[in-house]
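Coordinate inspection notes
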Amino acid sequence: MKMYHEDFELTQDLMDAIVVFMDDEIREKIHCALAPCTPADFLKAYVKEDPDFEDFLYSEFSIEL
């Protein structure tokens, strides 16, 4: 995972900010299937269910998966 083209570790604080923009049904589905997991694993699984969210991550948070 990269932010501003550099490797970084997704923190829970940043994940908390990202979650606000997620679809509730998809988020809950992923949560039930994966919890407990790392924020990065959760985000990767979420993007598999909602591929358009990857573009949003890049445009709003400069995150590249």
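Every value quoted in this text rests on a predicted model; they were computed, and no experiment measured them. (Residues numbered from 1 in each chain as written. Predicted model: local features only at pLDDT ≥ 70, side-chain atom pairs only at ≥ 80, totals over all residues. Heavy atoms only, no water.)

A separate point is the nonpolar core. One finds Ile-18, Met-22, Leu-43, Phe-53 and Leu-57 to be the most contacted residues of the largest nonpolar core, which totals 16 residues. For this core, the leading source of residues is helix α3 (residues 39–49), giving 5 residues. (Core = buried A, V, L, I, M, F, W, Y, C linked by side-chain atoms within 4.5 Å. Buried < 20%, exposed > 50% of the residue type's maximum accessible area, 1.4 Å probe, protein only. Helix = DSSP H or I, 4+ residues; strand = E, 2+ residues; numbered from the N terminus.)

With that settled, consider the packing of aromatic side chains. Counting across every chain of the model gives 5 aromatic pairs. Ring geometry for Phe-53 versus Phe-56: centroids 5.2 Å apart, planes at 35 degrees, classification tilted. Of this pair, Phe-53 and Phe-56 both sit in helix α4 (residues 52–61), separated by 3 residues, roughly a single helical turn. Look at Phe-53 and you get buried, because its relative accessible area is 5%. Following the ring pairs from residue to residue traces out a cluster consisting of Phe-21, Tyr-46, Phe-53, Phe-56 and Phe-61. (Phe/Tyr/Trp six-rings, centres within 6.5 Å; stacked < 30°, edge-to-face > 60°.)

Secondary-structure assignment places Arg-27 in helix α2 (residues 24–34). Setting aside residues no more than four positions away along its own chain, Arg-27 makes contact with Val-19, Met-22, Phe-42 and Tyr-46. (Contact = heavy atoms within 4.5 Å.)

Turning to helix α1 (residues 12–19), a few remarks are in order. Among the residues of α1, Leu-14, Met-15 and Ile-18 are the ones counted as buried. Down the axis of α1, the smallest arc covering the buried residues is 100 degrees, so these residues share one side. Looking at the buried side of α1, the elements it contacts are β1 (2–3), α3, α4 and β3 (63–64). (Arc of directions from axis to C-beta.)

The peptide bond linking Ala-35 to Pro-36 adopts the cis configuration, its omega dihedral lying at -5 degrees. Mapped onto the secondary structure, Pro-36 falls in the loop between α2 and α3. Not every positive phi belongs to a glycine, and Tyr-4 is a case in point at roughly 55 degrees. Mapped onto the elements, Tyr-4 comes out in the loop between β1 and β2 (6–7). Its identity is not glycine, yet His-5 carries a phi of approximately 65 degrees, on the positive side.

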